[in-house]
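Inside the fold
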Amino acid sequence: MSGGDDERDGVRLTNLDQPLFDGAEATKRDLVDYLDALHERMLAELRGRPLTVQRVLRGQQPFMQKNLPKYAPSWIPTVRLWAETSKREVAYPLCDDRRTLLWFANQRAVEYHPTLVRADGWQYPTHLVLDLDPPRPDAFGQVVRAARLVRQALAAAGLDGAVKTSGAKGVHVFVPLEPDVPADDVAAATRALAARAERIDPAVATTAFIRADRADKVFLDSTRAGGATVVAAYSPRARPGTPVSFPVAWDDLDDVDPAEFTLRTALARLGDEDPWAERMPAPQRLGSDLVEEGHAIPVARVQAMHEGKRRARARRAAEAEAEAEAEPEAVAETETT
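Calculation rules
Residues numbered from 1 in each chain as written. Predicted model: local features only at pLDDT ≥ 70, side-chain atom pairs only at ≥ 80, totals over all residues. Heavy atoms only, no water. 1 Å grid on protein atoms, 1.4 Å probe; cavity = no way out; pocket = protein on both sides within 12 Å on 5 of 7 lines; lining within 4 Å. Points joined across faces, edges and corners; volume = space filled by probe spheres on them. Helix = DSSP H or I, 4+ residues; strand = E, 2+ residues; numbered from the N terminus. Nonpolar A, V, L, I, M, F, W, Y, C, P; charged D, E, K, R; others polar. Pairing = 2+ DSSP bridges. Contact = heavy atoms within 4.5 Å. Axes fitted to C-alpha atoms, helices over the stretch in contact; angles between N-to-C directions. Buried < 20%, exposed > 50% of the residue type's maximum accessible area, 1.4 Å probe, protein only. Phe/Tyr/Trp six-rings, centres within 6.5 Å; stacked < 30°, edge-to-face > 60°. Lys NZ or Arg CZ within 6 Å of the ring centre and 35° of its normal.

1. Points about the layout of surface pockets
The computed volume of the second largest pocket comes to approximately 440 Å³. What lines the second largest pocket is a set of 26 residues, among which Arg-49, Arg-118, Thr-126, His-127 and Pro-176 lie closest to the centre. Counting residues per element, the ones that place at least two in the lining of the second largest pocket are helix H2 (39-46), strand S10 (171-176) and helix H7 (275-279). Of the residues in the lining of the second largest pocket, the class split is 17 nonpolar, four polar and five charged.

In structure tokens form, the structure reads like this:
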């Protein structure tokens, strides 16, 4: 093989010396080596879960891929699920072993987004997740304050969670659940926890789904529920410098710079440890009061859709009224002329 090719676990790897993407500060070989070095830790997050990847082909914009391509090896298992967003059945791949992960790496799959459900238990999410999104790229300090509000709300509800950087500018809080909590109840509890965290300090955090309504606050995204995906711990991100989603101790959040965790630095920081698994609490049961409160809170996306339509109607009505008020003046000018 040429200097840019290799073979591992029966998977032919090609063009390894090419840049991964513009601004990546890494090659395709760096991606393959990184994923291979921690494949057991990555597979612990991916195994048995329908997987969406983000690929970056040379000269193209990054794109999300759910369906396993027809040219994929026959040994990659799939599970067929209905995708509500695209209104079609999707053949999701399952990344259950090293050679499958290597195959995806060779396909320039940079990001790995597993579902919060397993293929053999799609109605029962394994984790409750809150995604904390900063109002600005330079507002990670605000995200940390919001994360502490979430932790306070969790503690008041008798729950505990683990936190990781998103690989972008925010953080993800994961709460592992007992294996028989229905998806609707998990979604409801997620909404309730976000609302409770917001109430602790509404000057810091907001549950407003419409961006224009957030007023420079951290968005507590409670929509990561049911069949939703969240980028896996340790997954690289297709962003400048190729940052990775990295586990962080709660006590260390104040000293964290998410940009420090990259494809080139993460392995040295990890060593042989798996802090995501080590810091993850035991599965927990959701309180009935939390679930009941959440079921009374509208689903954010649905509420935002209805509010968007209401605002659009109001805007059109205002424009029509302004036009109607202007017409007599125009008529008067014509008659005077």
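2. Describing the sheet that holds strand S11 (residues 205-206)
Judged by pairing direction, the sheet is mixed, and its six strands sit side by side in the order S11-S12-S8-S10-S9-S13 without closing on themselves. Of all strands in the sheet, those bounded by a partner on one side alone are S11 and strand S13 (247-248). The pairing of strand S9 (residues 162-165) with S10 spans four bridges and is antiparallel. Within S10, the position partnered with Thr-165 by the bridge is Val-171. On top of the sheet, helix H4 (residues 140-156) reaches strand S8 (127-133), S10, S11 and strand S12 (218-221); it is set at about 15° to S10, its chief contact. Strands in contact with helix H5 (residues 183-200) are S8, S11 and S12; relative to S8, the strand with the most contacts, it is inclined by about 40°.

3. Quick look at unusual backbone geometry
Unlike most non-glycine residues, Arg-108 shows phi in positive territory, near 60°. Within the element layout of this structure, Arg-108 appears in the loop between helix H3 (98-106) and strand S7 (109-114). Relative accessible area serves as the criterion here: at 6%, Arg-108 is assigned to the buried category. A positive phi angle, near 50°, is found at Thr-242, a position not held by glycine. Note on placement: Thr-242 falls in the loop between S12 and S13.

4. Observations regarding the packing of aromatic side chains
In this description, a pair of aromatic rings is defined by centroid distance and the angle of the planes. Going through the model one piece at a time under the given rule, you end up with five aromatic pairs. Between the aromatic rings of Trp-103 and Phe-104, the centroid separation amounts to 5.2 Å while the plane-to-plane angle is 75°, which identifies the pairing as edge-to-face. Phe-104 shares its class with Trp-103; the two are buried. Taking the centre distance of 4.3 Å and the plane angle of 5° together, the rings of Phe-246 and Phe-261 count as stacked. With Phe-246 in the loop between S12 and S13 and Phe-261 in the loop between S13 and helix H6 (266-270), this residue pair connects regions lying 15 residues apart in the sequence. For Phe-246, a relative accessible area of 6% translates into the label buried. Put simply, the rings of Tyr-71, Trp-103 and Phe-104 pair up and form one aromatic cluster. Positioned over the ring face of Trp-75 is Arg-99, at 3.9 Å from the centre of the ring. Geometry around Phe-219 places Arg-214 over its ring, the cationic atom sitting 3.8 Å from the centre.

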